[in-house]
Amino acid sequence: GQQLNQSPQSMFIQEGEDVSMNCTSSSIFNTWLWYKQDPGEGPVLLIALYKAGELTSNGRLTAQFGITRKDSFLNISASIPSDVGIYFCAGPTTSGTYKYIFGTGTRLKVLA
Amino acid sequence: GAGVSQSPSNKVTEKGKDVELRCDPISGHTALYWYRQSLGQGLEFLIYFQGNSAPDKSGLPSDRFSAERTGGSVSTLTIQRTQQEDSAVYLCASSSGLAGEQYFGPGTRLTVT
């Protein structure tokens, strides 16, 4: 079945550094969503991508919809301590545009 | 504005007992989802409601799990005869359309002892 693989699984970075993470699949996706989950909270939508090659920013976050439609990237510039959390990618399954699958997440820890 | 709310926030129950988890979606959102998140894992789709259409129950792991949505708003996820492997965070999300932009509640952490 469809799967979303995220890498890295976890990362420690220094405050102020830039962060890059990606999400890949063997299947084509028509939409990519990026979420962040803080401890004890539900995921919060960061960026939504709907077109191959699309590059979208939200503050210090930038995400890109890979041209092959099988991957997406999320970059965080000048990281700050509140960036800590788990970042998930998600995309619609082939069985229906409303049913989404989620990656296993990238755990980000920022060292002050 | 009010977001998605879930209750209870935490639930500890004994193996074999039934539990009910509640979700109040964002007002006006026609779509409602339930997910399960085990420790350190991603989100596992359970069930989807859209308006008055029949729900998509394809993600429910067993017949011990059921869900309903009354009046197109509040939803209840019921787990009968709970097992230890049911321990997880149960997340509810709602959406206003087909774009897939789901808004999540804080989740209910279920612990089965």
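Let us look at the structure shown here. Being a predicted model, the structure only gives us computed values, none of them experimental.

Concerning the pairing of strand E2 (residues 10-14) of chain A
In summary, the side chains of a regular strand alternate between the two faces of the sheet.
All names here are of chain A.
And step 1. Side-chain alternation along E2 places Met-11 and Ile-13 on a buried face and Ser-10, Phe-12 and Gln-14 on a face that remains uncovered.
And step 2. Pairing of E2 with strand E11 (residues 106-111), which is carried by 5 bridges, proceeds in the parallel orientation. The residue of E11 that forms the bridge with Met-11 is Leu-108.

Topic: the sheet that holds strand E3 (residues 19-24) of chain A
Sheets are built from strands that pair by backbone hydrogen bonding, the pairs being arranged parallel or antiparallel.
All names here are of chain A.
And step 1. The sheet built from 5 strands is open, its strands ordered E1-E3-E8-E7-E6 with antiparallel pairing. If you trace the sheet from one side to the other, it starts and ends with strand E1 (5-7) and strand E6 (55-58), each paired once. Sheet twist, expressed as the mean angle between neighbouring strand axes with direction ignored, is 15°.
And step 2. Summarising the sheet, E3 and strand E8 (residues 71-76) pair through 6 bridges and their orientation is antiparallel. Pairing of Cys-23 across the sheet is with Ser-72, part of E8.

Examining the interface of chain B and chain A
And step 1. Taken together, the contacts link 19 residues of chain B with 18 residues of chain A.
And step 2. Counting each side, the surface lost to burial between chain B and chain A is near 1,600 Å², with a carbon and sulfur contribution of 53%.
And step 3. Of all residues in chain B, B:Leu43, B:Glu101 and B:Phe104 give up the largest surface area on contact with chain A, accounting jointly for 25% of the area buried on that side.
And step 4. Of the charged contacts, one joins B:Asp56 and A:Lys99 as a salt bridge, the two residues approaching to 3.3 Å between their closest N and O atoms.
And step 5. On the surface where chain B and chain A come into contact, there are 5 residue pairs in polar contact (both at pLDDT 80 or more).
And step 6. Among the residues forming the side of chain B that touches chain A, the class breakdown is 9 nonpolar, 8 polar and 2 charged.

Rules and cut-offs
Residues numbered from 1 in each chain as written. Chains lettered and ligands numbered in written order. Predicted model: local features only at pLDDT ≥ 70, side-chain atom pairs only at ≥ 80, totals over all residues. Heavy atoms only, no water. Buried < 20%, exposed > 50% of the residue type's maximum accessible area, 1.4 Å probe, protein only. Helix = DSSP H or I, 4+ residues; strand = E, 2+ residues; numbered from the N terminus. Pairing = 2+ DSSP bridges. Axes fitted to C-alpha atoms, helices over the stretch in contact; angles between N-to-C directions. Contact = heavy atoms within 4.5 Å. Buried area = accessible area lost by both parts, 1.4 Å probe. Salt bridge = Lys/Arg side-chain N within 4 Å of Asp/Glu carboxyl O. Polar contact = N/O pair within 3.5 Å; in protein donor to acceptor, adjacent residues only side chain to side chain. Nonpolar A, V, L, I, M, F, W, Y, C, P; charged D, E, K, R; others polar.

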